[in-house]
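Residue-level structure breakdown
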Amino acid sequence: MPYMPLEDFLQATNLTKQEIEEKTNLVNENESTFIFIKDGINLFLQKIENQLVAIQMNSKTLEPIFLEKTLQILTFLYEQLIAQSQTQDLVLQEENTLLKDTLLELQEEAQKKDKLLAKKEEELEQKEEEIRFLKRKHQLMWGKIGNMGMIKE
């Protein structure tokens with residue numbers, strides 16, 4: 001899930017760190033604190049909703065600057081969310097490409113091993129055939145010699 005530095009979020013939204021810590025889960029990484037962007041957007045929208053209710057309850061008019069600032073902040077947060085998502089997508093694409101290349105290399109290596117194994121099995125079969133031939137030749141030779149010895153006696 002995409003996240004952004006807490007300090008950047010605090011600066012953009014004018015929320016307090018205490019408000020954020022009470023209502024969201026923060027991530028600590030490399031001695032820095034981060035907030036998940038979606039959680040931050042929801043928290044910010046709750047604050048805006050509360051402010052709008054207060055304005056309506058007090059029968060005050062809504063100032064255009066309030067809406068403009070709110071839209072700027074939301075635009076900033078959504079841009080951060082999109083940027084983080086695109087970065088994550090690129091990282092995933094790179095990982096997938098690396099995994100695909102590794103898999104293809106492993107498949108090629110396996111095919112080479114299969115060919116080598118088939119060649120070795122063929123050589124083994126030839127050697128076994130030679131051994132069988134030599135055994136038959138040996139038996140024939142010893143058989144003839146054995147028969148020759150019987151004839152002389």
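These numbers were taken from a predicted model, which means no experiment stands behind them.

About the criteria used
Residues numbered from 1 in each chain as written. Predicted model: local features only at pLDDT ≥ 70, side-chain atom pairs only at ≥ 80, totals over all residues. Heavy atoms only, no water. Patch = residues over 30% accessible without salt bridge, like charges linked within 9 Å, V, L, I, M, F, W, Y side chains within 5 Å. Areas by Shrake-Rupley, 256 points an atom, 1.4 Å probe, with all protein chains shown as cover. Salt bridge = Lys/Arg side-chain N within 4 Å of Asp/Glu carboxyl O. Lys, Arg positive; Asp, Glu negative; His and termini not counted. Charge placed at Lys NZ, Arg CZ, Asp CG, Glu CD. Helix = DSSP H or I, 4+ residues; strand = E, 2+ residues; numbered from the N terminus. Buried < 20%, exposed > 50% of the residue type's maximum accessible area, 1.4 Å probe, protein only. Core = buried A, V, L, I, M, F, W, Y, C linked by side-chain atoms within 4.5 Å. Contact = heavy atoms within 4.5 Å. Pairing = 2+ DSSP bridges. pLDDT = per-residue confidence, 0-100.

**Considerations on a negative patch on the surface**
- On the surface, a cluster of negative charge is contributed by Asp101, Glu105, Glu108 and Glu109.
- Locating Asp101 in the fold gives a position in helix α4 (residues 64-152).
- A relative accessible area of 38% means that Asp101 is categorised as partly exposed.

**Re a nonpolar patch on the surface**
- Residues Leu52, Leu62 and Leu67 make up a contiguous nonpolar surface patch of roughly 230 Å² in combined accessible area.
- When you line up the elements, Leu67 lands in helix α4.

**As for the nonpolar core**
- Of all hydrophobic cores here, the largest spans 17 residues; its most connected members are Met4, Phe9, Ile20, Ile35, Ile41, Phe44 and Leu77.
- The contact partners of Phe9, leaving out residues within four places of it in the chain, are Met4, Leu15, Ile20, Ile35, Gly40, Ile41 and Leu77.

**Considering the pairing of strand β2 (residues 26-29)**
- Sheet analysis places β2 next to strand β3 (residues 32-36), joined by four bridges and oriented antiparallel. Considered in β3, the bridge of Asn28 is made with Thr33.
- From the end of β2 to the start of β3, which pair antiparallel, there are two residues, and Asn30 there has a positive phi angle of about 55 degrees.

**Considerations on the confidence of the model for the chain**
- Residues with a pLDDT of 70 or more make up 93% of the chain, whose mean pLDDT is 84.
- Averaged pLDDT values for the elements of the chain fall to 80 in strand β1 (residues 3-5) and rise to 86 in α4.

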